[in-house]
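# Descriptive structure summary
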Amino acid sequence: MDIKNFLTKMSEASACEAVNICREELSKYGETRVDNLGSVIMRGQGAANRRQEKDNVKSILLDAHIDKIGMMVSSVDITGFVRMVPVGGVDIRVLAAAEVTVYGKMPLPGVITSTPPHLETESGTAKGFDSIGVDIGLPFETAKELVRPGDRIEFKGCAKELLNGRLAGPGLDNAAGIAVILRSLELLSLNSQLSTLNSVSVCFSNLEETGGGGAGAAAFAEKPDISIAVDVSYASAPDVEKENRGTLGGGVMIGISPVLSREISDRFIALAEDNGIKYTHEVMGRRTGTNADLIALSRKGVKTGLLSVPLRNMHTAAEIIDPQDIEAAAELLAVYLMQK
């Protein structure tokens with residue numbers, strides 16, 4: 001698997017294109033479908049039959065969310081500017097003059113408005129969503145014909161390779177997590193361990209950025225005994241505290257939290273150390289802020305683990321990851337699955 005190529009395609013893809021990309025990749029390992037909430041699902045044959053008493057194999061659900069932050073059209077004002085609301089935790093501080101695509105009746109290129117610094121009355125203060133809009137270059141009547149409330153607005157995809165092999169672009173949260181799962185499945189295949197997938201279901205879940213509904217619905221439907229969520233988490237940077245943070249190139253982050261299974265977390269740590277896989281601890285005293293929180297509480301409860309890829313500039317159009325960390329996470333996940 002060419003991790004950089006996959007991440008570039010995902011970063012530059014629209015939401016619908018991302019679903020098609022993931023469904024095609026996942027179909028290499030089993031029959032896939034898209035559920036009612038837009039999540040891409042693959043169910044292992046053994047996972048469907050696990051309730052038979054003679055079957056002692058635990059069923060496992062692997063989850064990484066497919067959705068990404070963005071905006072949604074709320075109206076078109078009389079001057080032709082597109083007004084919007086956030087979808088997920090968009091960092092409003094980086095929106096000024098950002099390039100976007102408005103998915104109206106056709107994809108429309110646009111730029112978010114930005115007040116010249118010469119005219120600012122409160123220097124350094126980010127504008128609220130009620131004070132900005134998207135300039136699509138059209139007058140009111142034309143814009144209104146092409147754009148309607150509820151249309152999606154996404155950052156213009158433009159992934160760039162940085163020095164030292166790192167990659168920057170929008171939507172790496174959580175294309176990185178999807179890449180981890182796909183790479184782990186590839187490693188199982190290369191090691192002639194595809195039979196392991198009989199007890200594994202995979203969900204590339206929708207709606208994580210707006211509450212986690214996709215993963216919650218999938219966990220309810222799949223009824224796993226164990227689940228592993230894969231997401232991104234905070235990497236160290238000059239303006240980010242170093243305590244309990246990941247490092248680009250420092251390997252996979254292993255989650256430890258009250259909502260997570262300590263048994264799974266400890267197993268990940270032991271396997272990482274036994275196999276020379278680089279890792280760091282990620283200790284969270286409450287919820288994890290990932291799909292793991294909802295999956296763990298599904299039905300009568302699911303033993304859940306969390307692996308994360310360090311990422312800088314989260315929820316912006318220039319998120320940064322190191323593919324080495326994706327490889328480390330994938331290796332650890334593959335080793336864990338082979339042990340089940």
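Residues numbered from 1 in each chain as written. Predicted model: local features only at pLDDT ≥ 70, side-chain atom pairs only at ≥ 80, totals over all residues. Heavy atoms only, no water.

## Digging into a positive patch on the surface
Residues Lys 58, Arg 267, Lys 300 and Lys 340 make up a contiguous surface patch of positive charge. Note on placement: Lys 340 falls in the segment after α9 (323–339). On the accessibility criterion, Lys 340 (49% relative accessible area) is partly exposed. (Patch = residues over 30% accessible without salt bridge, like charges linked within 9 Å, V, L, I, M, F, W, Y side chains within 5 Å. Areas by Shrake-Rupley, 256 points an atom, 1.4 Å probe, with all protein chains shown as cover. Salt bridge = Lys/Arg side-chain N within 4 Å of Asp/Glu carboxyl O. Lys, Arg positive; Asp, Glu negative; His and termini not counted. Charge placed at Lys NZ, Arg CZ, Asp CG, Glu CD. Helix = DSSP H or I, 4+ residues; strand = E, 2+ residues; numbered from the N terminus. Buried < 20%, exposed > 50% of the residue type's maximum accessible area, 1.4 Å probe, protein only.)

## A short note on the sheet that holds strand β15 (residues 279–283)
Read across the open sheet, the 8 strands follow the order β1-β2-β12-β3-β13-β16-β14-β15; overall the sheet is mixed. The two strands at the open ends of the sheet, each matched to only one other strand, are β1 (32–34) and β15. On average, adjacent strands in this sheet sit at an angle of 25 degrees to one another, irrespective of strand direction. As paired strands, strand β14 (residues 252–256) and β15 are joined by 5 bridges and run parallel to one another. Looking at β15, one finds that Ile 256 is bridged to Val 283. (Pairing = 2+ DSSP bridges. Axes fitted to C-alpha atoms, helices over the stretch in contact; angles between N-to-C directions.)

## Some details on the pairing of strand β12 (residues 200–205)
Across the 6 residues that make up β12, a large majority, 6, are buried. As paired elements, strand β2 (residues 40–43) and β12 share 4 bridges and run antiparallel to each other. Looking at the pairing, Val 40 lines up with Phe 204 of β12.

## Structural notes on the pattern of salt bridges
Tallying each qualifying case throughout the model produces 16 salt bridges. For Lys 28, the salt bridge is made with Glu 25, and the minimal N-O distance between the two is 3.0 Å. The exposure class of Lys 28 is exposed, given its relative accessible area of 57%. Here Glu 25 falls in the buried class, since its relative accessible area comes to 15%. For Arg 148, the salt bridge identified is with Asp 151, shortest N-O distance 3.8 Å. Overall, the relative accessible area of 59% leaves Arg 148 in the exposed class. Shared partners join several salt bridges into a network, and the residues in it are Arg 33, Arg 43 and Glu 222.

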